[in-house]
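Chain residues, written in single-letter form:
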Amino acid sequence: MGFFKSVFCFIVIFFLFLSSTSATVVSHDGRAITIDGQHRVLLSGSIHYPRSTVEMWPDLIKKAKEGGLDAIETYVFWNVHEPQRRYYDFTGNLDLIRFLKTIQDEGLYAVLRIGPYVCAEWNYGGFPMWLHNMPGVELRTANDVFMNEMKNFTTLIVDMVKKEKLFASQGGPIILAQIENEYGNVMSSYGDAGKAYVDWCANMAESQNIGVPWIMCQQSDAPQPMINTCNGWYCDQFTPNNPNSPKMWTENWTGWSV
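The rules behind each value
Residues numbered from 1 in each chain as written. Predicted model: local features only at pLDDT ≥ 70, side-chain atom pairs only at ≥ 80, totals over all residues. Heavy atoms only, no water. Disulfide = S-S within 2.5 Å. Buried < 20%, exposed > 50% of the residue type's maximum accessible area, 1.4 Å probe, protein only. Pairing = 2+ DSSP bridges. Helix = DSSP H or I, 4+ residues; strand = E, 2+ residues; numbered from the N terminus. Axes fitted to C-alpha atoms, helices over the stretch in contact; angles between N-to-C directions. Contact = heavy atoms within 4.5 Å. pLDDT = per-residue confidence, 0-100. Polar contact = N/O pair within 3.5 Å; in protein donor to acceptor, adjacent residues only side chain to side chain. Expected span 1.5 Å × (residues − 1). Arc of directions from axis to C-beta.

Visitor: Would you mind going over the state of the cysteines with me for this structure?
Guide: Covalent bonding between the sulfur atoms of two cysteines defines a disulfide. This structure, assessed with the given rule, holds 1 disulfide. With a sulfur-sulfur separation of 2.1 Å, Cys230 is cross-linked through a disulfide to Cys235. Between Cys230 and Cys235, the S-S torsion sits near -80°, and that sign places the bridge as left-handed. In this structure Cys235 comes out as buried when scored by relative accessible area, which is 5%.

Visitor: Please clarify how the sheet that holds strand β1 (residues 26–28) should be interpreted in this entry.
Guide: Backbone-to-backbone hydrogen bonds join strands into a sheet, with any given pair of strands oriented parallel or antiparallel. Judged by pairing direction, the sheet is antiparallel, and its 3 strands sit side by side in the order β1-β2-β3 without closing on themselves. A strand with exactly one partner marks an edge of an open sheet, and here the two such strands are β1 and β3 (38–40). Averaged over all pairs of adjacent strands, the angle between strand axes in this sheet comes to 40°, irrespective of strand direction. In this structure, strand β2 (residues 33–35) lies alongside β3, joined through 3 bridges in antiparallel fashion. Within β3, the position partnered with Ile35 by the bridge is Gln38.

Visitor: So what exactly am I meant to see when it comes to the environment of Arg98 here?
Guide: Checked against the element boundaries, Arg98 lands in helix α4 (residues 96–105). The exposure class of Arg98 is partly exposed, given its relative accessible area of 46%. For the pair Arg98 and Tyr49, spaced 49 residues apart in sequence, the C-alpha to C-alpha distance is 9.7 Å. Apart from residues lying up to four places away in sequence, Arg98 is in contact with Val54 and Trp57.

Visitor: Help me out: how do you make sense of the confidence of the model for the protein in this one?
Guide: Close reading of the predicted structure is inappropriate where its pLDDT is low. Across the protein, the average pLDDT comes to 93, with 90% of residues at 70 or higher. Long-range and interchain partners of residues 3–20, a stretch whose pLDDT sits below 50, account for 0 contacts in this model, where long-range means more than four residues apart.

Visitor: Which parts of the structure should I look at to understand the sheet that holds strand β7 (residues 174–179)?
Guide: Spatial strand order, β4-β5-β6-β7-β8-β9-β10: 7 strands in an open sheet with parallel pairing. Every other strand in the sheet has two partners, leaving β4 (44–46) and β10 (249–252) as the edge strands with one partner each. Recorded for the sheet is a direction-independent mean angle of 30° between the axes of neighbouring strands. Of the pairings in the sheet, the one linking β4 to strand β5 (residues 71–75) comprises 3 bridges and is parallel in character. Residue pairing in the sheet places Gly45 in a bridge with Ile72 of β5. Sitting on the sheet, helix α6 (residues 144–163) is in contact with β6 (109–115) and β7, with an inclination near 160° to β6. Strands in contact with helix α7 (residues 192–206) are β7 and β8 (214–217); relative to β8, the strand with the most contacts, it is inclined by about 155°.

Visitor: Explain the environment of Thr91 to me, please; I cannot follow it from the model alone.
Guide: Residue position: Thr91 is located in the loop between α3 (78–81) and α4. With 10 residues separating them along the chain, Thr91 and His81 place their C-alpha atoms 9.0 Å apart. One polar contact links Thr91 to Asp89, side chain to side chain, over a distance of 2.6 Å.

Visitor: Got a minute to help me understand α7 in this structure?
Guide: One full turn of an α-helix is made of 3.6 residues, so residues set three or four places apart face in the same direction. In this model α7 runs 22 Å from its N-terminal to its C-terminal C-alpha over 15 residues, within 8% of the 21 Å that 1.5 Å per residue would give. Among all positions in α7, only Gly194, Tyr197, Val198, Cys201, Ala202, Met204 and Ala205 are buried. The arc enclosing the buried residues of α7, seen along the axis, measures out at 165°, which places them on a common side. Within α7, the exposed residues directed more than 90 degrees away from the buried face are Asp192 and Asn203. Looking at the buried positions of α7, the neighbouring elements they touch are α6, β7 and β8.

This is the structure in structure tokens:
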């Protein structure tokens, strides 16, 4: 009986392991984001990990959950993670993976806004200064120098997150990811190169194969399958650019400081 008892225990532990690491299917239709086939109204709040300390994260996230939030969203801040080209820092309050795991530990979802241009009332919108000084670079447009660096950083972040199995498709907490940030507000200044850049962003993001939807905020012509979303004080009149995309308000501008 000891042998069969051991086998039974092994089977139970094995299935418990599978259930704890099983993939979550995140999709959408014209009504809402769906999680494992169920339509969800998701309430998310922002906690930007570099703006607090590691010791503060558990309490901040716990209070967010107690306040009724389903998800925590954060930007990813390029200039602090790559202060010198190809020199990376994810230590201390820059430990993105630890932050995401803390969200997971509290049982909340995560929205990862990679950007990597983030605005966020953050120095240079999150762009590192070495990027500005690269020969031949033009920022946020169809420029090979810039796009190579943007893709390198985006891929770095995605690969780090995949390695730790933190996308919902891997059993992790991340249900949505964002590429670029409010580009539609400035795109007309770039002409045809701006539209080419948006298309490139969408294709580059999709090529990452993260298994959850990508969003583009303030991007009325966001290419499919990107979900275009609204940022602003009022989003009641906002309509997505595709009938199969849900209406999403990704930033509620409750105030502005000068």
